[in-house]
Amino acid sequence: MSRADTVRFRPNQAILVAAIVAFIGALPLATARWWLLWVLLVPLGIGLWAWRSGTDADARELRLRALVGQRRVPWDRVAELAGDARGRAVVRLDDGQVLVLPAVRATELPRLVAATGQRPPDDGTGREQPDDDTGQ
């Protein structure tokens, strides 16, 4: 699959901007004493997490990305996609394991399903979802 066929979900990029501001703000404290240099690791870690983590979906699989490492889940292992009580999207695998999809909200599940090349189910009104963004 090409990159154009992949749907990407990432945390809000304001977190990355906040991490950069926090890094700059921590510089005077961290350079005051050598043993305070570890303070710079906190905004650096948060910035790296915001840049790297998320969920990628294409017609073959889901890729759940974290700060270190990733997990690939083929679509044939997915038994159910749903939202939890906190509004996050979760996936239940065929072995009963439940995984939270990083950076995916429950309201974005139709977009995630569309990445598989399938049509999303109807929205409860008795009519199917439109094929494109124009509503037709």
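Just above sits the structure.
Read on for a plain summary of the structure. (Residues numbered from 1 in each chain as written. Predicted model: local features only at pLDDT ≥ 70, side-chain atom pairs only at ≥ 80, totals over all residues. Heavy atoms only, no water.)

1. Points about the overall build of the chain
No. 1: Helix and strand counts for the chain stand at three helices and seven strands.
No. 2: In the chain, the order of α-helices and β-strands from amino to carboxyl end is β-α-α-β-β-β-β-β-β-α.
No. 3: The buried share among the 136 residues of the chain stands at 29%.
No. 4: Sequence-distant contacts, at least 24 apart, represent 39% of the contacts inside the chain between residues at least 6 apart.
No. 5: Summed over its atoms, the accessible surface of the chain is roughly 8900 Å², and 59% of this surface lies on carbon and sulfur atoms. (Helix = DSSP H or I, 4+ residues; strand = E, 2+ residues; numbered from the N terminus. Buried < 20%, exposed > 50% of the residue type's maximum accessible area, 1.4 Å probe, protein only. Contact = heavy atoms within 4.5 Å. Areas by Shrake-Rupley, 256 points an atom, 1.4 Å probe, with all protein chains shown as cover.)

2. Focus on the side chain of Asp58
No. 1: Assignment of secondary structure puts Asp58 in the loop between strand 2 (54-57) and strand 3 (61-65).
No. 2: On the accessibility criterion, Asp58 (1% relative accessible area) is buried.
No. 3: For Asp58, the side chain forms a polar contact with the main-chain nitrogen of Glu61, separated by 2.9 Å.
No. 4: In terms of polar contacts, Asp58 uses its side chain to reach the side chain of Arg63, at 3.3 Å. (Polar contact = N/O pair within 3.5 Å; in protein donor to acceptor, adjacent residues only side chain to side chain.)

3. Section: the packing of helix 1 (residues 14-32) against helix 2 (residues 41-52)
No. 1: Packing of helix 1 against helix 2 brings their axes to within 8 Å, and their N-to-C directions diverge by 160°. With respect to their mutual orientation, helix 1 and helix 2 come out roughly antiparallel. Handedness of the crossing formed by helix 1 with helix 2: left-handed. Across the interface between the two elements, Ile15, Leu16, Ala19, Ala22 and Phe23 of helix 1 pack against Pro43, Ile46, Gly47, Trp49 and Ala50 of helix 2.
No. 2: Among the residues making up the contact of helix 1 with helix 2, the classes are represented as nine nonpolar, one polar and no charged. (Axes fitted to C-alpha atoms, helices over the stretch in contact; angles between N-to-C directions. Parallel < 35°, antiparallel > 145°, perpendicular 65-115°, else oblique. Left-handed = near helix turned anticlockwise from the far one by under 90°. Nonpolar A, V, L, I, M, F, W, Y, C, P; charged D, E, K, R; others polar.)

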